Amino acid sequence: MIKILIVEDEEPIANLIRMNLVKAGYQCEIAPDGEEAANIIQERTFDLMLLDIMLPKLNGYEVLEYAKAVDIPVIFLTAMGETQQKVKGLKMGAEDYIAKPFDIAELLARVETVLRRYQKTERHLVFLDIEIDTDSRTVMQGGHPVDLTTKEYELLLLFLRNKNRALYRETIYESVWGGEYSGRGRTVDLHVQRLKKKLGLEEHIAAIYKVGYRLIV
Amino acid sequence: MKLSWKLFFITTPVFIIFLTLFGTWIIQENFQSSLKQEVERCMVENQMFQNSYELTKNALSEDQLEQASVRKIVESFYRRKGEAYGNARVLGAGWEVLYQDNSLHIEHHIMDALDSEHNVGYEIVQKEDQFYVIVMCKSTFGDYIETTKNITEIFDDRTDQYSRYQLGVLTVASLAGFSILFVLFFVMRNMKKLSRATRQFARGKYDVRVMIRAHDEIGTLAEDFNWMANAMNMQMQQLQNEVQRQEEFTAAFAHELKTPLTSIIGYADTMRQMELSPEERDMCADYIYRQGKRLQSLSYKLLEMTLAGKQDVDSKEISVPEFLQEIQKIVCVSLEEKQLTLYVSAQEGMIFGDRELLASVFINLIDNARKASEPGKSIWVTGMALPGGYSIVVEDEGHGLLPEELSRIAEPFYMVDKSRARKEGGAGLGLALCRKIIELHQGSWQFESEPGKGLRITVLFGLPEVTGRKHKRMRRIKRRELARKGRHAGKIGVIE
């Protein structure tokens, strides 16, 4: 299980992040101030830290120094939209930053990107009789290899990493194809249809009216 | 052309012309009087000669007269006198020379002017660059007596004086001119300093000052310049502070806005994307509601602050004991909930201001005291009539503040303990609002605190009757009093 430390003094925001990360299959812990965060990472190891900048006792930049000492990748959470602060954080060695207010999908995507960069995502994903090895990018169903295009493979990974989550068409488009979603094309729908057919997931990938799709477990 | 050269070229010629005219006049007057003296002396000499001549001639009998020549006669009284007049001539009625002292012969026309009424005349004649005064008179014997005197010396003197005077004028004028030039250069150096400083100031070097120690108009101008520069610096500083305060406020406000917004957007996003259990959904909804409320209270407080800044104070006399009792009624419920005791005491007295706004100040202050106090503690509100006004003190037994916290507590959105303030429902604007209202009432306040020993806030109001100049003086006295008190009490933040 991947462990994430959330350092945030605003209790509602800390709970919000925890709730969503837990649902996405991560294990989470909350530190309400900088000092506690510094103490916790001395005692236990974490795979990632989400770090607020304006914190009581020790500020985010100071906590970042502690995190670097024990090799924990850090994503800054910042309410200050100022470029300087972002640059300062990144220069000091943060992996990424998320500006408040943020979309949950954005939060999860950035968490996953950083984890992948550190190869801390689970390399072996299993769903029903489907097995995915992210290292060799191979998909097996019932012991037989399935031939998927790159986009279909990315789409499958997205569904498996967001089980039970309603994925908006724009979210799907942006994370698989990249770029701005125009809202007109049928690309997303066509690819989802093909993926359902290839893997026999008609029962599990449900279309949500006017929204997108959800992988039901 | 530079001012110094202008003045030099104007004053020097004027000086020269004026001095020349004046000097010429003096010399001429002098010369005229010398000449007149000389002429008079010659007249006297001529008269004496005539007298001697006539006396001698009268003394002679007719026989003797016919035998004696004029030369003999003249020589006889010359002998008697012991010396010669010199340059004397005696002419007969037909202009024939009867006697002559020397060979000097000068043409003149005095005899033409002599008649029965005027029997003496004189003329000043130039002969070969020598000047002579010639006096001629007609004796009673019908012959003419002419005496001559060389007065070239007087003319030479005049010429001499002229040339010496011209030299003097030139020297004085050039000396004066150069001293004007020198003085002006000195003055202009200061002027240049000033103008250089002004240019530098205009180019944005605002700390430039002029060092001129002269006690003249330029010195005063320099002082005025420095004074203006200081005043402008102070004003700019004030404006900059104001801008900075505004920027800080905006930044803090954006931060305060983003925090509840993040929760609201995040929980709503979660709810629309996820199938949640009823408990989870309730929790999300509760967070959205509470953070929404927080935004609401923030916007209310902000509105109040803006209004307090714009509002004209609806000033009325307020009786303090009555006013404090009213506030006690409003706050007592929330204090009882936390088992806090409120002691209110007030001396008879009046303050002048908007009842609603002032009430919100003291409700805010008491509310802050409530938030800072543990259950079972007490809060005191004390009103005291002072010679120059009225003071109301709010004192608690809460956790107190550090000096660095004390200096910042009236800043908008500053919260000593953020998470606790949030739990108590604070937006961090209470004291900022109080400060605005107190400023609006021309009041002042001061804080005294020690960590763990509570906080004491003194709010001072001026007397209502005191207005204008007197009012300013009162405030100055009050400020001085505060400053003095501040020195005794140690750590105090005075904000006005």
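Basis of the calculations
- Going along each chain's sequence as written, the residues are numbered from 1 onward.
- Key to labels: chains lettered from A, ligands numbered from 1, both in the order written.
- Reporting of local features is limited, given that this is a predicted model, to residues whose pLDDT is at least 70; pairs of side-chain atoms are given and counted only at 80 or more, and all residues count toward the totals for whole chains, interfaces and linings.
- For the side-chain quantities, the full set of heavy atoms in the structure was used; hydrogens and water were omitted.
- Segments assigned H or I by DSSP are reported as helices when at least four residues long, segments assigned E as strands when at least two residues long, and all are numbered from the N terminus.
- Three labels apply to residues, based on accessible area from a 1.4 Å probe with only protein chains included: buried if under 20% of the type maximum, exposed if over 50%, partly exposed otherwise in between.
- Residue contacts follow a heavy-atom distance rule, with two residues in contact if any of their heavy atoms lie within 4.5 Å.
- Source of the domain bounds: an automatic or database domain assignment.
- Here the buried area means the combined drop in accessible surface, using a 1.4 Å probe, for two parts upon being joined, counting both sides.
- A pair is scored as a salt bridge if a Lys or Arg side-chain nitrogen falls within 4 Å of a carboxyl oxygen belonging to Asp or Glu.
- Classification used: nonpolar for Ala, Val, Leu, Ile, Met, Phe, Trp, Tyr, Cys and Pro, charged for Asp, Glu, Lys and Arg, polar for all others including Gly.
- Within this scheme, the nonpolar core is defined by two criteria: the residues are buried Ala, Val, Leu, Ile, Met, Phe, Trp, Tyr or Cys, and they are joined through side-chain atoms within 4.5 Å.
- Polar contacts, as counted here, are pairs of nitrogen or oxygen atoms within 3.5 Å of one another; within protein the pair requires one atom able to donate a hydrogen and one able to accept it, and residues that are adjacent in sequence qualify only if both atoms are side-chain atoms.
- Using a 1 Å grid laid over the protein atoms alone, points where a 1.4 Å probe fits but cannot get out form a cavity; open sets with protein on both sides within 12 Å along at least 5 of 7 lines form a pocket; any residue with an atom within 4 Å of a point counts as lining.
- Grid points are joined across faces, edges and corners, and a volume is the space filled by probe spheres set on the points.
- For two strands to pair, DSSP has to find at least two bridges joining them.
- Interaxial angles span 0 to 180 degrees and are taken between N-to-C directions of axes, which are lines fitted to C-alpha atoms, for helices over the stretch in contact.

**Points about the overall build of chain B**
Okay, so step 1: Along its length, chain B carries 13 helices and 13 strands.
Okay, so step 2: A burial count over chain B gives 39% of its 496 residues as buried.
Okay, so step 3: Taking all contacts inside chain B whose residues are at least 6 apart in sequence as the whole, residues at least 24 apart take part in 65%.

**Describing the domain arrangement of chain A**
Residue and element names in this part refer to chain A.
Okay, so step 1: Once the domains are mapped, chain A shows domain 1 (3-117) and domain 2 (124-215).
Okay, so step 2: Distance from the C-alpha centre of domain 1 to the C-alpha centre of domain 2: 29 Å.
Okay, so step 3: Every contact between the two is made by eight residues of domain 1 and, on the other side, four residues of domain 2.
Okay, so step 4: The junction of domain 1 with domain 2 conceals about 440 Å² of combined surface from both sides, 42% of it contributed by carbon and sulfur atoms.
Okay, so step 5: When residues of domain 1 are sorted by the area they lose upon contact with domain 2, Ala-105, Leu-108 and Glu-112 head the list and together hold 59% of the total.
Okay, so step 6: Joining domain 1 to domain 2, the criterion identifies one salt bridge.
Okay, so step 7: The set of elements that each furnish at least two residues to the side of domain 1 that touches domain 2 consists of helix H1 (11-23) and helix H5 (104-117).
Okay, so step 8: The element contributing the most residues to the side of domain 1 that touches domain 2 is H5, with five residues.

**Some points on the pattern of salt bridges**
Okay, so step 1: Tallying each qualifying case throughout the model produces 33 salt bridges over all chains.
Okay, so step 2: The closest approach of N and O atoms between Asp-160 of chain B and Arg-164 of chain B, which form a salt bridge, is 3.3 Å. Of this pair, Asp-160 of chain B and Arg-164 of chain B both sit in helix H5 (residues 152-202), separated by four residues, roughly a single helical turn.
Okay, so step 3: Exposure remark for Arg-164 of chain B: the relative accessible area of 55% places this residue in the exposed category.
Okay, so step 4: Residues joined in a network through salt bridges with shared partners are Glu-8, Asp-52 and Lys-100 of chain A.

**What to know about the interface of chain A and chain B**
Okay, so step 1: Contacts between chain A and chain B engage 25 residues on the former and 24 residues on the latter.
Okay, so step 2: Summed over both partners, the interface of chain A with chain B comes to about 2,400 Å²; 58% of that surface belongs to carbon and sulfur atoms.
Okay, so step 3: A salt bridge links Glu-275 of chain B to Arg-214 of chain A; the shortest N-O distance between them is 3.4 Å.
Okay, so step 4: When residues of the side of chain A that touches chain B are traced back to their parent elements, those giving at least two are H1 and H5 of chain A.
Okay, so step 5: Looking at the side of chain A that touches chain B, the element that brings in the most residues is H1 of chain A, giving eight residues.
Okay, so step 6: Broken down by class, the residue content of the side of chain A that touches chain B amounts to 13 nonpolar, four polar and eight charged.

**Some details on the nonpolar core**
Okay, so step 1: Judged by nonpolar contacts, the single largest core of 49 residues is most densely connected at Phe-323, Ile-351, Phe-362, Leu-365, Ile-392, Trp-445 and Val-459 of chain B.
Okay, so step 2: Element by element, the count of residues in this core is highest for helix H9 (residues 355-372) of chain B, at eight residues.
Okay, so step 3: Looking at which domains feed residues into this core, each of domain 2 (209-310) and domain 3 (312-495) of chain B supplies at least three.
Okay, so step 4: Those residues in contact with Leu-365 of chain B that sit more than four places away from it in its chain are Val-394, Leu-431, Cys-434, Trp-445, Ile-457 and Val-459 of chain B.
Okay, so step 5: Residues Ile-17, Tyr-26, Phe-102 and Val-114 of chain A belong to the second largest nonpolar core, which totals 27 residues.

**Examining the domain arrangement of chain B**
All names here are of chain B.
Okay, so step 1: Taken as a whole, chain B is organised into domain 1 (3-162), domain 2 (209-310) and domain 3 (312-495).
Okay, so step 2: Between domain 2 and domain 3, the contact holds 16 residues from the first and 15 residues from the second.
Okay, so step 3: Between domain 2 and domain 3 the total buried area reaches about 1,400 Å² when both faces are included, carbon and sulfur atoms providing 67% of it.
Okay, so step 4: Among the residues of domain 2 in contact with domain 3, Lys-301, Met-305 and Ala-308 are the three that bury the most area, contributing 39% of the side total.
Okay, so step 5: Counting the contacts that link domain 2 with domain 3 gives zero salt bridges.
Okay, so step 6: Across the contact surface, domain 2 and domain 3 share zero residue pairs in polar contact (both at pLDDT 80 or more).
Okay, so step 7: Listing elements by their share of the side of domain 2 that touches domain 3, those giving two or more residues are helix H6 (217-273) and helix H7 (278-310).

**What about empty space enclosed by the protein?**
Rolled over the atoms, a probe with the dimensions of a water molecule shows which regions are left empty.
Residues and elements named next belong to chain B.
Okay, so step 1: In the structure shown here, the tally under the stated rule is three cavities of 30 Å³ or more.
Okay, so step 2: The computed volume of the second largest cavity comes to approximately 40 Å³.
Okay, so step 3: Considering the residues around the second largest cavity, the lining is formed by Asn-87, Ala-88, Arg-89, Gln-100, Asn-102, Leu-104, Ile-106, Glu-146 and Thr-148.
Okay, so step 4: Counting residues per element, the ones that place at least two in the lining of the second largest cavity are strand E1 (88-91) and strand E5 (144-150).
Okay, so step 5: Broken down by class, the residue content of the lining of the second largest cavity amounts to three nonpolar, four polar and two charged.

**A short note on the pairing of strand E10 (residues 389-396) of chain B**
All names here are of chain B.
Okay, so step 1: Most of E10 is tucked away: seven of the eight residues are buried.
Okay, so step 2: Note: strand E9 (residues 378-386) against E10, eight bridges, orientation antiparallel. Bridge assignment links Val-381 to a residue of E10, and that residue is Val-394.
Okay, so step 3: Between E9 and the antiparallel strand that follows it, E10, lie two residues.
Okay, so step 4: Pairing of E10 with strand E12 (residues 455-462), which is carried by seven bridges, proceeds in the antiparallel orientation.

**A few points about helix H12 (residues 430-440) of chain B**
All names here are of chain B.
Okay, so step 1: Here H12 lies mainly inside the structure; eight of its eleven residues are buried.
Okay, so step 2: Along H12, the residues that are buried comprise Gly-430, Leu-431, Ala-432, Leu-433, Cys-434, Arg-435, Ile-437 and Ile-438.
Okay, so step 3: Phi turns positive, to about 55°, at Gln-442, one or two residues after H12.

**A word on the pairing of strand E12 (residues 212-215) of chain A**
Residue and element names in this part refer to chain A.
Okay, so step 1: Bridging between strand E10 (residues 167-168) and E12 involves two bridges; their strand directions are antiparallel. Residue pairing for E12: Tyr-168 is matched across the bridge by Gly-212.
Okay, so step 2: Alignment of strand E11 (residues 205-208) against E12, held across four bridges, turns out to be antiparallel. Across the sheet, Ala-207 pairs through a bridge with Tyr-213, a residue of E12.
Okay, so step 3: Where E11 folds back on E12, the antiparallel hairpin that results is connected by three residues, among which Lys-210 adopts a positive phi of roughly 65°.

**What to know about the sheet that holds E10 of chain A**
Okay, so step 1: If you trace the three strands from one edge of the open sheet to the other, you get E10-E12-E11 (chain A), paired in antiparallel fashion. Two strands close off the open sheet at either side, each with one partner strand: E10 and E11 of chain A.

**Quick word on the sheet that holds strand E2 (residues 27-31) of chain A**
Through backbone hydrogen bonds, the strands of a sheet pair up, either in parallel or in antiparallel fashion.
Residue and element names in this part refer to chain A.
Okay, so step 1: In space, the five strands of this open sheet follow the order E2-E1-E3-E4-E5, with parallel pairing throughout. Looking at which strands have only one partner, the edges of the open sheet turn out to be E2 and strand E5 (96-99). Each strand axis lies, on average, 20° off the axis of its neighbour in the sheet, ignoring direction.
Okay, so step 2: Bridging between strand E4 (residues 74-78) and E5 involves four bridges; their strand directions are parallel. When the sheet's bridge partners are listed, Thr-78 is paired in E5 with Ala-99.
Okay, so step 3: Here H1 sits on the sheet in contact with strand E1 (3-7), E2, strand E3 (48-52) and E4, set at roughly 170° to E2.

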